[in-house]
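The lines below spell out each chain.
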Amino acid sequence: MKINDVQTKTVPNQNVSLSIGKRIKPTKVLLHVVLIIGSFLMVAPFLWTVSSSLKDMSQIFLIPPKWLPDPVTFQNYPNSLTAMPFDVAYFNSFYITLIVVVLNLLTCSMAAYAFAKIRFRGSNLLFILFLATMMIPKQVTMVPLYIIMDNLGWIDTHLSLIVPSGLFNAFGVFLLRQFIKGIPNELEEAAVIDGANPLRIYWSVILPLIRPALAAFGIFAFMGIWNGFLEPLIYLTSPEKFTVPLLLNTFKGLYFTDWSLMMAGTTISVIPVILVYIFAQRQIIEGIALTGSKS
């Protein structure tokens, strides 16, 4: 009986080991290796930035490079905060980004609802033209936008950063439209029977159902506006109105650049984006997955 018991206990273990061996394929191992290498290549610049922020100037451009600072210089962080008015730049970036994100969520969701659910003559052609703007590089529209901002008297004001970016975002309209198209028309018809107008349907029916897509798009918009450098560089001239990316550029001098302080300031400026992604990565994945599954 004991021999039989041993056999009955060892046979399942052998089957499990064989099944595990069959499941592990060389192609999957190779794929994981490639993904790990690719992930390291993506993270390496950020790791180098953090490492450089803890070095003094003599260590940054050593050949061969040293990843680990020796000695570690934590003083770069308080020095970078006191060298430039980071508190003002952080406030400017936060409130500009917040306003633009809210405007983007509102205007893009309304336009997406109109393109997805409201039928009118030329809607498909208008949507194609709307998407075609995504193919136009920003460099092409810089001069016309600057002339418009100058005529409006918005040069060296935050309105030049808020209004154009907040009222128009073709990517956001496309993303939200694909999600709204998957919402059953029966829900809209039931709301119409209850006496709801299109604005009421949009606010009470559509918006609650597209929260994952709104969250994903809001995070993308936040990262884009927070990291924006070209528009502030063109429109802003007063240091007290600078955003964080533009303020970091002031560490760069004509004859000398304090790379240690710049790397420390860059690391500090990335913290809000990292926190937003960490706490909202589930919404990003869910929003993109659900949007891609819509027809």
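Notes on the structure in this doc start here. (Residues numbered from 1 in each chain as written. Predicted model: local features only at pLDDT ≥ 70, side-chain atom pairs only at ≥ 80, totals over all residues. Heavy atoms only, no water.)

**Describing the packing of helix α5 (residues 86-117) against helix α9 (residues 170-181)**
Phase 1: Between α5 and α9, whose axes approach to 8 Å, the crossing angle comes to 50°. As judged from the angle between their axes, α5 and α9 are oblique. Our pair here, α5 against α9, has a crossing hand that is right-handed. Together, Cys108, Ser109, Ala111, Ala112, Tyr113, Phe115, Ala116 and Lys117 of α5 and Gly172, Val173, Leu176, Arg177, Ile180 and Lys181 of α9 make up the contact between the two elements.
Phase 2: Grouping the constituent residues of the contact of α5 with α9 by class yields nine nonpolar, two polar and three charged. (Axes fitted to C-alpha atoms, helices over the stretch in contact; angles between N-to-C directions. Helix = DSSP H or I, 4+ residues; strand = E, 2+ residues; numbered from the N terminus. Parallel < 35°, antiparallel > 145°, perpendicular 65-115°, else oblique. Left-handed = near helix turned anticlockwise from the far one by under 90°. Contact = heavy atoms within 4.5 Å. Nonpolar A, V, L, I, M, F, W, Y, C, P; charged D, E, K, R; others polar.)

**Focus on the pattern of salt bridges**
Phase 1: Inspection of the entire model under this criterion finds two salt bridges.
Phase 2: For lysine 138, the salt bridge is made with glutamate 231, and the minimal N-O distance between the two is 3.1 Å. One end of the pair, lysine 138, is in helix α7 (residues 138-152); the other, glutamate 231, is in helix α13 (residues 230-235), and 93 residues separate them in sequence.
Phase 3: For glutamate 231, a relative accessible area of 23% translates into the label partly exposed. (Salt bridge = Lys/Arg side-chain N within 4 Å of Asp/Glu carboxyl O. Buried < 20%, exposed > 50% of the residue type's maximum accessible area, 1.4 Å probe, protein only.)

**Observations concerning the packing of aromatic side chains**
Phase 1: Within this structure, the stated rule accounts for 15 aromatic pairs.
Phase 2: When the ring of phenylalanine 115 is compared with that of phenylalanine 127, the centres are 5.2 Å apart and the planes differ by 55°; the resulting orientation is tilted. Placement of the pair is phenylalanine 115 in helix α5 and phenylalanine 127 in helix α6 (residues 123-132), with a sequence separation of twelve residues. For the residue pair phenylalanine 115 and phenylalanine 127, the accessibility class agrees, reading buried in each case.
Phase 3: Pairwise contacts between aromatic rings join Phe86, Tyr90, Phe94, Phe222, Trp226 and Phe251 into one cluster.
Phase 4: Its end group placed over the ring of phenylalanine 127, arginine 177 keeps NZ or CZ at 4.0 Å from the ring centre. (Phe/Tyr/Trp six-rings, centres within 6.5 Å; stacked < 30°, edge-to-face > 60°. Lys NZ or Arg CZ within 6 Å of the ring centre and 35° of its normal.)

**Focus on the environment of glutamine 75**
Phase 1: Of note, glutamine 75 is situated in the loop between α3 (57-60) and α4 (76-83).
Phase 2: For the pair glutamine 75 and serine 260, spaced 185 residues apart in the sequence, the C-alpha separation amounts to 9.9 Å.

**Regarding helix α12 (residues 211-226)**
Phase 1: Relative to the 22 Å expected for 16 residues at 1.5 Å per residue, α12 spans 22 Å between its end C-alpha atoms, a close match to the ideal helical length.
Phase 2: Three or more residues of α12 are buried, namely Pro212, Ala213, Leu214, Ala216, Phe217, Gly218, Ile219, Ala221, Phe222 and Trp226. (Expected span 1.5 Å × (residues − 1).)

**Looking at the layout of surface pockets**
Phase 1: For the largest pocket, the calculated volume is near 1,000 Å³.
Phase 2: Lining the largest pocket are 34 residues, and of these Lys138, Pro164, Ser165, Phe168 and Glu231 lie nearest its centre.
Phase 3: Breaking the lining of the largest pocket down by element, the ones donating at least two residues are α5, α7, α8 (159-167), α9, α12 and α13.
Phase 4: Counting residues per element, the lining of the largest pocket draws most heavily on α12, at six residues.
Phase 5: Taken together, the residues that form the lining of the largest pocket break down as 21 nonpolar, eleven polar and two charged. (1 Å grid on protein atoms, 1.4 Å probe; cavity = no way out; pocket = protein on both sides within 12 Å on 5 of 7 lines; lining within 4 Å. Points joined across faces, edges and corners; volume = space filled by probe spheres on them.)

**Overview of α7**
Phase 1: Taking 1.5 Å of rise per residue, 15 residues should cover 21 Å, and α7 covers 20 Å from first to last C-alpha, within 8% of that figure.
Phase 2: Its axis deflected by about 30° at proline 144, α7 carries its strongest bend there.
Phase 3: After α7 finishes, the residue glycine 153 shows a positive phi value of roughly 75°. (Bend = angle between axes of the 7 residues up to and from the residue.)

**A few points about the nonpolar core**
Phase 1: Counting residues in each nonpolar core, the largest one holds 27 residues, and the members touching the most others are Phe86, Tyr90, Trp226, Val244 and Phe251.
Phase 2: Sorting the residues of this core by element identifies α5, α8, α12, α14 (244-249) and α15 (259-292) as the ones contributing at least two each.
Phase 3: The leading source of residues in this core is α5, at six residues.
Phase 4: Grouped together as the second largest cluster of nonpolar side chains are 24 residues, Ile183, Ile201, Ile210 and Leu214 included. (Core = buried A, V, L, I, M, F, W, Y, C linked by side-chain atoms within 4.5 Å.)

**Structural notes on the side chain of lysine 55**
Phase 1: As for its placement among the helices and strands, lysine 55 is situated in the loop between α2 (26-53) and α3.
Phase 2: With no salt bridge to any partner, buried lysine 55 finds its closest opposite charge in aspartate 56, at an N-O distance of 8.7 Å.
Phase 3: Here the side chain of lysine 55 touches lysine 66 through a polar contact of 2.3 Å, landing on its backbone oxygen.
Phase 4: If we ignore the near neighbours within four places in the chain, the residues touching lysine 55 are Trp48, Ile60, Lys66, Trp67, Pro69, Thr73, Asn76 and Ser260. (Lys, Arg positive; Asp, Glu negative; His and termini not counted. Polar contact = N/O pair within 3.5 Å; in protein donor to acceptor, adjacent residues only side chain to side chain.)

**Some thoughts on the packing of helix α10 (residues 185-193) against helix α11 (residues 198-209)**
Phase 1: Direction vectors running N to C along α10 and α11 enclose 155°, while the axes themselves pass 10 Å from each other. Taken together, the axes of α10 and α11 lie roughly antiparallel to each other. Handedness of the crossing formed by α10 with α11: right-handed. Here Leu187, Glu188, Ala191 and Val192 of α10 lie close against α11, whose contacting residues are Ile201, Val205 and Leu209.
Phase 2: Split into classes, the residues belonging to the contact of α10 with α11 amount to six nonpolar, no polar and one charged.

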